[in-house]
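# What the coordinates show
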Amino acid sequence: MEEERRREAEWKRSETQSEVLDEPTSRDDFTIGIICALPLEAGAILRVFDRTWSVTRSGKRKGDTNQYSLGSLGPHNVVLVHIPKDVEPFEAAAMATACRKSFPNIDLLVVVGACGGAPTSTGTDEILLGDVVISTNIVEYENITYGTNGAGDSEDQSDPSLKISIIDDRQPHPEIRNLLSKLEVEEYREALQDGMAEILSRLPTNKAPYPLALEDRCFEAGYIHKHNDGSTCAMCIDEKGGRVCEQVSRFSCVELSCTRDRHIVRGRSSGENKPAVHLGTIAIGEEVPRSGIERDRATIEAGAMAFDTGLAACVSDSFDRVLVIRGIFHYSDGHRHEMEAWQKYASATAASCAKVVLEEHWVREDEELENFSPGDFGADLGS
Ligand SMILES: [Zn+2]
Ligand SMILES: [Zn+2]
């Protein structure tokens, strides 16, 4: 059965591939922008382009200092915007605006890359490393400590009444909401996951293999990634409620001797390594959670499935239609376990998801099939 579905996905993919776009003749022919925060993520997008176009021929608007890569994904000409590492939010917003001016017909911006996730959402979804979260809304929150006598007066970080405060809840454009509603349909979600698996299977094995040699490890929420006994770090030794020093983020679990006794190795019950797609809330905090305790609090109170940087929020001011697609490469608990390999894989799963969604489901408002004949409307979903 599985083999049958794989072959069917392959057939559908080759059908799509045959619909190769004509070479664009001007910057007006580009209708989708993709923005990635890291070169690793941009590389993953380049690998799923059907074709690439010369950026030196397209040119850009006077005053636009951005760097672009151009290509096609199914029926769309796509602009990939290269963002420098650690860019300030206002700079990212300005880059998105400059892109829109150079390519005035872009009406969808897709934010693609990898981020941390919650191992279990408030719903029934179990999220594994390499799975993809497509954002249904973006919640911005800040941590606030509530003591027994009111907000902000508690020194005790383990106080169970600790709360976070939601400062913004961005809902998507109605057209994006409708797209997400379509992707909720089980048949489409399964077809999406099959399509992603097929794309991943065609990538060079040194570019984004499932990290088979590694374990998908999730530590107990209360087991903190911190300086352990024997260290002179007072903040970590006196840690309460998961608040630890900032330095620990530079060290791996091996370097800090995080014990294997306190994690579980996760995997899909089917035994497959095929990434799943989840639709849910992406949370943006003042900083990413540094412990499973912080993460679980945000998961419950903000309904978060994934924890992102502010990039998606700041570019939302430049485009009405923004779709955020994130591969999960850690469990947002501060532990650093083989992060680079998982980040590479999660970037590839997110890029493959973006490719299938755009190729199979994104239709521009003004697009029409001209001179179509019977058969042009072949179903894009198998039996
Ligand atoms: Zn420390
Ligand atoms: Zn650790």
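What you are looking at is a predicted structure, and each value in this text was computed from that prediction instead of being measured.

When its secondary structure is counted, the protein shows ten helices and 14 strands. For the protein, the proportion of its 383 residues judged to be buried stands at 42%. Looking at the protein alone, contacts between residues at least 24 apart form 77% of all its contacts between residues at least 6 apart.

Now for the packing of helix α6 (residues 186-202) against helix α10 (residues 339-361). Packed helix pairs are specified by the crossing angle of their axes together with the interaxial distance, meaning the distance between the axes. Relative to each other, α6 and α10 sit at 125°, their axes nearing to 9 Å. As judged from the angle between their axes, α6 and α10 are oblique. The crossing of α6 and α10 is right-handed. Facing α6, whose interface residues are Leu-192, Gly-195, Met-196, Ile-199 and Leu-200, α10 presents Ala-348, Thr-349, Ser-352, Cys-353, Lys-355, Val-356 and Val-357.

Moving on: the environment of Val-315. Within the fold, Val-315 resides in helix α9 (residues 311-315). Given 25 C-beta atoms within a 10 Å radius, Val-315 is considered buried. Measuring from C-alpha to C-alpha, the distance between Val-315 and Ile-35 comes to 9.0 Å, with 280 residues separating the pair along the chain. Val-315 has contacts with Ile-35, Ala-92, Ala-93, Ala-96, Leu-109, Val-111 and Val-322, leaving out every residue within four places of it along the chain.

Atomic detail in the predicted coordinates should be set aside for any region of low pLDDT. When pLDDT is averaged along the protein, the result is 83; 84% of the residues meet or exceed 70. Contacts of residues 11-15 to residues separated by more than four positions or lying in other chains number two contacts, the stretch itself having pLDDT below 50. Predicted confidence for residues 146-161 stays below pLDDT 50, and this span has 21 contacts to residues more than four positions away or in other chains.

Within the secondary structure, Ala-44 is located in helix α2 (residues 39-48). Of the residues examined, Ala-44 has 29 C-beta atoms within 10 Å and is grouped as buried. It is 8.6 Å that separates the C-alpha atoms of Ala-44 and Thr-349, two residues lying 305 residues apart in sequence. Not counting residues up to four positions away in its chain, the partners in contact with Ala-44 are Ala-208, Ser-347, Ala-348 and Ala-351.

The next subject is the pairing of strand β5 (residues 108-117). Counting buried residues in β5 gives ten out of ten residues, a clear majority hidden from the surface. Alignment of strand β1 (residues 32-36) against β5, held across four bridges, turns out to be parallel. In the sheet register, Gly-33 faces β5, and the bridge partner there is Leu-109. Two elements, β5 and strand β14 (residues 322-330), share eight bridges in a ladder whose sense is parallel.

It is worth spelling out the environment of Val-357 at this point. Within the fold, Val-357 resides in helix α10. Not counting chain neighbours up to four residues away, the residues in contact with Val-357 comprise Leu-192 and Trp-362.

Below, the discussion takes up unusual backbone geometry. A positive phi is found at Ser-257, a non-glycine position, where the angle reads about 60°. One non-glycine residue, Glu-338, lies in the positive phi region at around 50°. Along the polypeptide, Glu-338 turns up in the loop between β14 and α10. The class for Glu-338 is partly exposed, based on 19 C-beta atoms found within 10 Å.

Right, let's talk about the packing of α2 against α10 for a bit. Orientation of α2 relative to α10, taken along the N-to-C sense of each, is 45°, at an axis distance of 8 Å. One finds that α2 runs oblique with respect to α10. Between α2 and α10 lies a crossing whose hand is right-handed. Every residue of α10 that contacts α2 at Leu-40, Glu-41, Ala-44, Ile-45, Arg-47 and Val-48 is listed here: Gln-343, Lys-344, Ser-347, Ala-348, Ala-351, Ser-352 and Lys-355.

Moving on: helix α8 (residues 292-302). With nine of eleven residues buried, α8 lies mostly within the body of the structure. Those residues of α8 that sit buried are Gly-292, Ile-293, Glu-294, Arg-295, Asp-296, Arg-297, Ala-298, Thr-299 and Ala-302. Phi turns positive one or two residues past the end of α8, at Gly-303, with a value near 65°.

Thresholds, definitions, all that
- Residues numbered from 1 in each chain as written.
- Chains lettered and ligands numbered in written order.
- Predicted model: local features only at pLDDT ≥ 70, side-chain atom pairs only at ≥ 80, totals over all residues.
- Helix = DSSP H or I, 4+ residues; strand = E, 2+ residues; numbered from the N terminus.
- Buried ≥ 20, exposed ≤ 12 C-beta atoms within 10 Å, placed from the backbone.
- Contact = placed C-beta atoms within 7 Å.
- Axes fitted to C-alpha atoms, helices over the stretch in contact; angles between N-to-C directions.
- Parallel < 35°, antiparallel > 145°, perpendicular 65-115°, else oblique.
- Left-handed = near helix turned anticlockwise from the far one by under 90°.
- pLDDT = per-residue confidence, 0-100.
- Pairing = 2+ DSSP bridges.

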